[in-house]
Amino acid sequence: MINKFDTQSIFSFSAIAADNLAVHELAGFQQTFSSGYFCRRCLVTYENRLLPLTDVHFIQRTHLQHNKYLNSLENDLQMKSKFGVVGPSPLNGLQNFDPTTSFPGDLMHDFYEGVCPLIIMAMLKEASSSRLITYNAIQNRTENFVYGNLDKSNKPPAIMVKHFNSDRIVGSAAQKYCLFRLFPIMFSDLVERLESFKIYLILRELLDMVLALSQRKRWLPFMETLSINFQCLMLDLLPHKVIPKVHFITEYTRIIDENGPPVRYWCMRYEAAHLYFKKIAMQSYNFKNIPKTSAQRQQLRQCFFLSKPYFLRTFEEASDTKQTRMHEIDSKVKILIAQRYGQQLVQSDQSLLRCSKLIHNHIIYKQYAVYVYDLEHVEEIPLFFQVLYIFKFNQRWMFIVDFLNTDGFSTKLWSYKLSSYGRLGIVLPNDLKYFHKGLDLYEIDNLHVVNLTSRLTKNN
Ligand SMILES: [Zn+2]
């Protein structure tokens, strides 16, 4: 409870998000992941991680059992570690704290910086060893791939020969995810000939569900099956790549069951903030007191943001605006405007304000981007429209959109196939309900496809 001037804020501790090494240090578990009991949630050992999950079920850690391990450590000072537990956590006095459940896995570290780049590397190496593509051609392709307008802010660096030698993909977590997501589009000509692409498909389906912000309880058994399939296929095809994170991935069903959607407690926001401090540390040339400079800059930055009138409030911000006269507007669009706002407006040759990007209530709308406006049938097939124009009329912004046809789902490209029949319509920013992220349309194999960033479900 925090006392304020005239009120009190009541809160309770629930979970801590951190990378695995930091968690193990803070929770009092062993800090090595290459031997012994490396998991903070169950009693798997480093050797047993290679047992297929179809044959074995690992005992889950419990608060009671954890305390017993701590007691035996206390009673026998010679003993350095008991089932991976090395000592009490400094947070033990915190109400609601339990070292075995208070540290759910972090999606960013386990997926984006863990298994996703691992699978990308495995697929590319397989492609090269099967003589489907050379390292140089891979570098060329990753360098010259044309990313969509929205994806290009996370454009990953090219994968070079030296990265294959070091077995590492460089870049930020968001860039690695962007590469993982667009991999089937980027390498559409060869993915189907790769054995390891089977692992990609299972992992991708699982990740799409893990990333979903509204999740359904009834997904959990299927997610469990996907996790088991993923682990078994890894053992079959890439046994040397079964790192501890492969085991951690298989525990997300339980993590979600206990804590809800992982994007609610991931390290992504922290990483973005951390990036800012890293930049300051590099650029300030302060070698004596970096924390002081960082704190000062951070405070000034916060003051600046808080002084802006739209901080945490509803606002509109349009960029690249210009006036368009009625006679310059496409005739189909004019018919639409006339139907909605009357013939007089169209005949008056009045000018309308138009823009290419609109931020409305913290949501970014971009011209030519694709948005999900509904989910259809029990399968929850997304319906899309593409924003053709963004106009302002009567002090209100509106989108002229093309309602696209969802022609099906391409498993190979892990994308929805879309086509246009020229069904235009007017949509207002507040009409959008299901998915506020703009998506890029890619053209591949004579198809127009859109690659979602998570599985969608209605909020009811
Ligand atoms: Zn475990």
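Residue numbering note: each chain is counted from 1, following its sequence as written. With pLDDT at 70 or above as the cut-off, local features in this predicted model cover only qualifying residues; side-chain atom pairs require 80 or more to be listed or tallied, and sums for whole chains, interfaces and linings still use all residues. Note that the side-chain values use all heavy atoms of the structure and ignore hydrogens as well as water.

Novice: Before we move on, could you go through the packing of helix H7 (residues 197–211) against helix H8 (residues 220–237) and cite the residues and values that matter?
Specialist: Geometry of a packed helix pair, given as the angle between the helix axes and the separation of the axes. With axes taken as lines fitted to C-alpha atoms, and helix axes fitted only over the stretch in contact, angles between N-to-C directions fall between 0 and 180 degrees. Helix and strand definitions follow DSSP, with helices as H or I runs of at least four residues and strands as E runs of at least two, each counted in order from the N terminus. Here H7 crosses H8 at 150°, and the two axes come no closer than 9 Å. When the axes of H7 and H8 are compared, the pair comes out roughly antiparallel. Of the two elements, H7 crosses H8, and the hand of that crossing is left-handed. Contact residues: Lys198, Ile199, Ile202, Leu203, Glu205, Leu206, Met209 and Val210 in H7; Phe222, Met223, Leu226, Ser227, Asn229, Phe230, Leu233, Met234 and Leu237 in H8. Polarity classes work like this: nonpolar for Ala, Val, Leu, Ile, Met, Phe, Trp, Tyr, Cys and Pro, charged for Asp, Glu, Lys and Arg, and polar for all others, with Gly in that last group. Looking at the contact of H7 with H8 residue by residue, the class counts come to 13 nonpolar, two polar and two charged. The scheme is simple: roughly parallel for angles under 35 degrees, roughly antiparallel for over 145, roughly perpendicular for 65 to 115, oblique for anything else. Each crossing is labelled by how the near helix is turned from the far one, with a counterclockwise turn of less than a right angle marking it left-handed and a clockwise turn marking it right-handed. The contact criterion used throughout is that any non-hydrogen atoms of two residues lie within 4.5 Å.

Novice: Residues and numbers for the environment of Leu53, please.
Specialist: Here Leu53 shows up in the loop between helix H1 (20–27) and helix H2 (63–75). Each C-alpha atom, one on Leu53 and one on Ser227, is 8.9 Å from the other, the two residues being 174 residues apart in sequence. Excluding residues that lie within four positions of it along the chain, Leu53 makes contacts with Phe58, Ile228, Gln231, Cys232 and Thr250.

Novice: Tell me about the domain arrangement of the protein, and name the residues and values.
Specialist: What the domain assignment reports for the protein is domain 1 (2–75), domain 2 (107–265), domain 3 (268–307) and domain 4 (316–450). Note that the domain bounds reflect an automated or database-derived domain assignment. Summarising the inter-unit geometry, the C-alpha centres of domain 1 and domain 2 are found 26 Å apart. Counting from both sides, the interface comprises 20 residues of domain 1 and, opposite them, 17 residues of domain 2. In this assembly, domain 1 packs against domain 2 so that about 1600 Å² is buried in total across both faces, 62% of it on carbon and sulfur atoms. Two parts lose some accessible area (1.4 Å probe) when they are put together, and adding that loss for both gives the buried area. The three residues of domain 1 that bury the most area against domain 2 are Arg41, Arg49 and Leu53, which together make up 36% of that side's buried surface. In what follows, salt bridge is the name for a side-chain nitrogen of Lys or Arg lying within 4 Å of a carboxyl oxygen of Asp or Glu. Linking domain 1 with domain 2 are one salt bridge, by the criterion used here. Residues Glu251 and Arg41 are paired through a salt bridge, measuring 2.8 Å at the closest nitrogen-oxygen approach. N or O atoms within 3.5 Å of each other form a polar contact, as long as, within protein, one can give a hydrogen and the other can take it, and as long as residues adjacent in sequence are counted only when both atoms are side-chain atoms. In this assembly, domain 1 and domain 2 are joined by seven residue pairs in polar contact (both at pLDDT 80 or more). When its residues are assigned to classes, the side of domain 1 that touches domain 2 shows 13 nonpolar, three polar and four charged.

Novice: Summarise the pattern of salt bridges; cite the residues concerned and give the values.
Specialist: Scanning the entire structure with this criterion turns up 12 salt bridges. The closest approach of N and O atoms between Asp167 and Lys241, which form a salt bridge, is 2.6 Å. Here Asp167, found in the loop between helix H5 (161–166) and helix H6 (173–186), pairs with Lys241, found in the loop between H8 and helix H9 (244–249); they are 74 residues apart in sequence, far enough to count as distant. Using a 1.4 Å probe on the protein chains alone, a residue whose accessible area is under 20% of its type maximum counts as buried, one over 50% counts as exposed, and one in between counts as partly exposed. A relative accessible area of 32% means that Asp167 is categorised as partly exposed. Its relative accessible area of 26% is what places Lys241 among the partly exposed residues. When the shortest N-O distance is used, the salt bridge between Asp257 and Lys217 registers 2.8 Å. Of this pair, Asp257 sits in helix H10 (residues 252–259) while Lys217 sits in the loop between H7 and H8, and the two are 40 residues apart along the sequence. Using a relative accessible area of 59% as the deciding quantity, one classes Lys217 as exposed.

Novice: Can you lay out the coordination of the zinc ion for me, pointing to particular residues and giving the numbers?
Specialist: When four donors bind a metal tetrahedrally, each ideal donor-metal-donor angle is 109.5 degrees, and when six bind octahedrally, the ideal angles are 90 or 180 degrees. Coordinating donors are taken to be N, O and S atoms lying within 2.8 Å of the metal, or within 3.2 Å when the metal is Na, K or Ca; because water is excluded from the atom set, some sites may appear incomplete. The coordination sphere of the zinc ion contains the protein donors Cys39 (SG), Cys42 (SG), His247 (NE2) and Glu251 (OE), at a distance range of 1.9 to 2.2 Å. With four donor atoms in place around the zinc ion and angles of 100 to 117° between them, the coordination shape is tetrahedral. Overall, Cys39 belongs to the buried group, its relative accessible area being 0%. Judged by its relative accessible area of 8%, His247 is buried. A four-donor site is classed as tetrahedral when every donor-metal-donor angle falls between 85 and 135 degrees; four donors are called square planar, and six octahedral, when trans pairs exceed 155 degrees and all remaining angles lie between 65 and 115, with any other arrangement labelled irregular.

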